[in-house]
Amino acid sequence: GLLQEGLVASDAALDEIDAVDSVDEQFLGYRAVHWAMNLRGRILLRMCRFQEARECFRMMLAIDAREVDPTVRFIAHMGCLEIAAARMEPENAGEHAAEVERIASQYPNAYLRVFSLAAQGLSAEISGRPELAVGPYAESLALLRQSRAAMEYESELMASLAECHLQLGAHQQARELATLTLSMSRSRTQRLPQCRAYMVMAALAIEANPADREEWSELLAHAEHLIDRTGAAIYLPRLAMLRARAV
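Notes on the structure in this doc start here. (Residues numbered from 1 in each chain as written. Predicted model: local features only at pLDDT ≥ 70, side-chain atom pairs only at ≥ 80, totals over all residues. Heavy atoms only, no water.)

### Comments concerning the packing of aromatic side chains
Working step 1: By the definition in use, this model includes four aromatic pairs.
Working step 2: Between F74 and Y111, the aromatic rings sit 6.0 Å apart at their centres with planes inclined by 85 degrees, giving edge-to-face as the arrangement. Linking F74 in helix 5 (residues 70-86) with Y111 in helix 7 (residues 110-126), this pair joins segments that are 37 residues apart in sequence.
Working step 3: Residue Y111 is classed as partly exposed on the basis of its relative accessible area, which comes to 29%.
Working step 4: An aromatic cluster of at least three residues, connected via ring pairs, comprises F74, Y111, F115 and Y153. (Phe/Tyr/Trp six-rings, centres within 6.5 Å; stacked < 30°, edge-to-face > 60°. Helix = DSSP H or I, 4+ residues; strand = E, 2+ residues; numbered from the N terminus. Buried < 20%, exposed > 50% of the residue type's maximum accessible area, 1.4 Å probe, protein only.)

What follows is the structure, given as structure tokens:
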């Protein structure tokens, strides 16, 4: 989750990308530059540098589908979906979620299916239907745990479920999921889901007792520290909204 450091590493990798041997790329099964550009896009979108992130993903999606690994295309569509979610663009979100589903159907495997279900959940959530997002998110999480595919995504899915339950007023479920997310992401040093979990817990504390400033302000301080440490400016609007609600 150290996005600023990740961007520096991305710069260095792209500077030397031409040195990657074609034999190595054949062994990997994809071109290194494609993977590097997708990773760069994902870093930039979390830093709220949406225009630059979108350009990375557009470059990948402009390549003939026959010339690029399907995983590369689905990551680009997931990135565009996350940008649409952050910018509250439900129509764009639905379009990219559908593309992720199409790729997962063409190349059936557990890894793509995990993200396809998550894409459906995110699209429903950004359309203002968290009740329709819970099912796909939960199914994605169950498949991830059963197949052990995309295990790095487990805490992100748990955070998404916690946020949906929060929106639905299912506070006990939101609290339990946020607590589990926080414990898991700490143990795995995954700072971004930690930040999301702290904000869910802060929202619950504000809802329960806005006068108890000590509890919710401490939780928001933890979230703010993680945003500063990681450079994840994408979470700043949510942090500001929670502070405004607590006043």
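### A closer look at the environment of M184
Working step 1: Residue placement: M184 occurs in helix 10 (residues 171-187).
Working step 2: Sequence spacing of M184 and S155 is 29 residues, and the spatial spacing of their C-alpha atoms is 6.7 Å.
Working step 3: In contact with M184, other than residues within four places in its own chain, are E154, S155 and M158. (Contact = heavy atoms within 4.5 Å.)

### Side note on the pattern of salt bridges
Working step 1: Evaluated as defined, the whole model comprises 16 salt bridges.
Working step 2: A salt bridge links R196 to E156; the nearest nitrogen and oxygen atoms lie 2.5 Å apart. On the criterion of sequence distance, the pair formed by R196 in helix 11 (residues 191-208) and E156 in helix 9 (residues 154-167) is long-range, its members being 40 residues apart. Across the pair, E156 and R196 agree in class, each one buried.
Working step 3: A salt bridge links E224 to R243; the nearest nitrogen and oxygen atoms lie 2.8 Å apart. Highlighted residues: E224 in helix 12 (residues 213-230) and R243 in helix 13 (residues 236-246), separated in sequence by 19 residues.
Working step 4: For E224, a relative accessible area of 32% translates into the label partly exposed.
Working step 5: Salt bridges sharing common partners tie together E156, E163, R196 and R238. (Salt bridge = Lys/Arg side-chain N within 4 Å of Asp/Glu carboxyl O.)

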